[in-house]
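# A structural walkthrough
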Amino acid sequence: MVSVVCVGIAVMDFIFAVDTLPEGQGRTFASALRETGGGPAATGAVAAARLGARTSLWARTGDDDLGGRIIADLDSLGVDTTHVRRVRGGRSSLSAVMVDGAGERAIVNYVDPGLDPDAAWLPLEDLARTQALLVHPRWAEGAAAALARAADLGLPAVLDADVAPESSAADAFALASHLLFSQDALAGFAGSADPLDGLRWARGRTANWVGVTAGGDGCYWLEDGTLRHLPGFRVPVVDTLGAGDVFHGAFAVALGEGRPVADALRFAAAAAALKCGRFGGRAGIPDRAEVDRFLAGAA
């Protein structure tokens, strides 16, 4: 069993099913409501655990009731929360998420700026006994500390290169062994929606591997300067919430198992596709047996 450490934010999501995403002012009525844990690193950790990895989350919550529920949810899903720090007087992170009939979503996320950002308490020595690291840069100080230690160890370190403070992005880009962008984030950073242009921009900021997920279009990456493409798996889409996080978690697991990049991406794409066929964020994350059966049928 591989060991994966995930670093970032842990959130509680309040998910509203709506016919269409709202535009402008007005009232929107939901047909269903689900409360579930969220956050890119935390959901990536749940995915890694579901896929058979021994998984630990390094994160922060407040010392409020919501923080207790976030941690309890992660514990119930097999994630080691020993190193989820409850910050005295802090408010735990939450999101309001609307998912429409086509499975697309809109998210409003709140992270308390009063959560102590200090990362000096992280057990970085544990990374010597880990096969892969997954980091989301929303907690910049934790991301930088973990990535620097992973680089010293030569550990596969996947950076979920989504929205990040501009001041922290450059260091994180350079330290990650595998820099995997979301499509929107890469376009925002690079100023181009073309994956080749975007990845060439990213390649100018790191000597390491760069790739981008593109939803139903699959993913792209550079190999010896050449653009490679893995098409997405075609599935009926119910809910895309958390699909990117599942992709990153599965990718980290596969790299930790020593799989070649192309195989790791295919494994991650299958896990994310299966998640998209189910409503409710983490509730739709597949287990290892489901992914293996799906890939066997797609061969």
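Anything mentioned here points back to the structure above.
Notes on the structure in this doc start here. All residue numbers refer to positions counted from 1 along the written sequence of the respective chain. Owing to the predicted nature of the model, reporting of local features is limited to residues with pLDDT of at least 70; listing and counting of side-chain atom pairs is limited to 80 or more, with chain, interface and lining totals taken over all residues. Each side-chain value is worked out from all heavy atoms of the structure, with water and hydrogens disregarded.

## Focus on the pattern of salt bridges
For this analysis, a salt bridge means a side-chain nitrogen from Lys or Arg found within 4 Å of a carboxyl oxygen belonging to Asp or Glu. In this structure the tally under the stated criterion is 12 salt bridges. Of the charged contacts in the structure, one is a salt bridge between arginine 85 and aspartate 116, with a shortest N-O distance of 3.3 Å. Pair noted here: arginine 85 is in strand E6 (residues 84–87) and aspartate 116 is in the loop between strand E8 (105–110) and strand E9 (132–135), with a separation of 31 residues, a long-range link. Working definition: with a 1.4 Å probe on protein chains only, accessible area under 20% of the residue-type maximum means buried, over 50% means exposed, and in between means partly exposed. For aspartate 116, a relative accessible area of 27% corresponds to the partly exposed category. A salt bridge links glutamate 290 to arginine 278, with the nearest nitrogen and oxygen atoms 2.7 Å apart. Of this pair, glutamate 290 sits in helix H9 (residues 288–298) while arginine 278 sits in the loop between helix H8 (261–276) and H9, placing them 12 residues apart in sequence. A single salt-bridge network, built from bridges that share partners, covers Glu257, Arg259, Arg288 and Asp292. Numbered from the N terminus, helices here are DSSP runs of H or I no shorter than four residues, and strands are runs of E no shorter than two.

## With respect to helix H1 (residues 40–50)
Most of H1 is tucked away: 10 of the 11 residues are buried. Among the residues of H1, those classed as buried are Pro40, Ala41, Ala42, Thr43, Gly44, Ala45, Val46, Ala47, Ala48 and Ala49.

## Structural notes on the packing of helix H5 (residues 183–190) against helix H6 (residues 195–203)
Here an axis means a line fitted to C-alpha atoms, over the contact stretch when the element is a helix, while the angle between two N-to-C directions is reported on a 0 to 180 degree scale. Close contact between H5 and H6 brings their axes to 9 Å; oriented N to C, the two are set at 65 degrees. Classified by the angle between their axes, H5 and H6 sit roughly perpendicular to one another. Here H5 runs over H6; the crossing is left-handed. Contacts between H5 and H6 involve Leu186, Phe189 and Ala190 from the former and Pro195, Gly198, Leu199, Trp201 and Ala202 from the latter. Note that Gly is not counted as nonpolar here; it falls among the polar residues with everything else outside the nonpolar set of Ala, Val, Leu, Ile, Met, Phe, Trp, Tyr, Cys and Pro and the charged set of Asp, Glu, Lys and Arg. Taken together, the residues of the contact of H5 with H6 break down into 7 nonpolar, 1 polar and no charged. Small angles under 35 degrees read as roughly parallel and large ones over 145 as roughly antiparallel, with 65 to 115 read as roughly perpendicular and the rest as oblique. Helix crossings get a hand from a simple test, with the near helix turned counterclockwise from the far one by less than a right angle marking a left-handed crossing and a clockwise turn marking a right-handed one. In this description, contact between two residues means that some pair of their heavy atoms is separated by no more than 4.5 Å.

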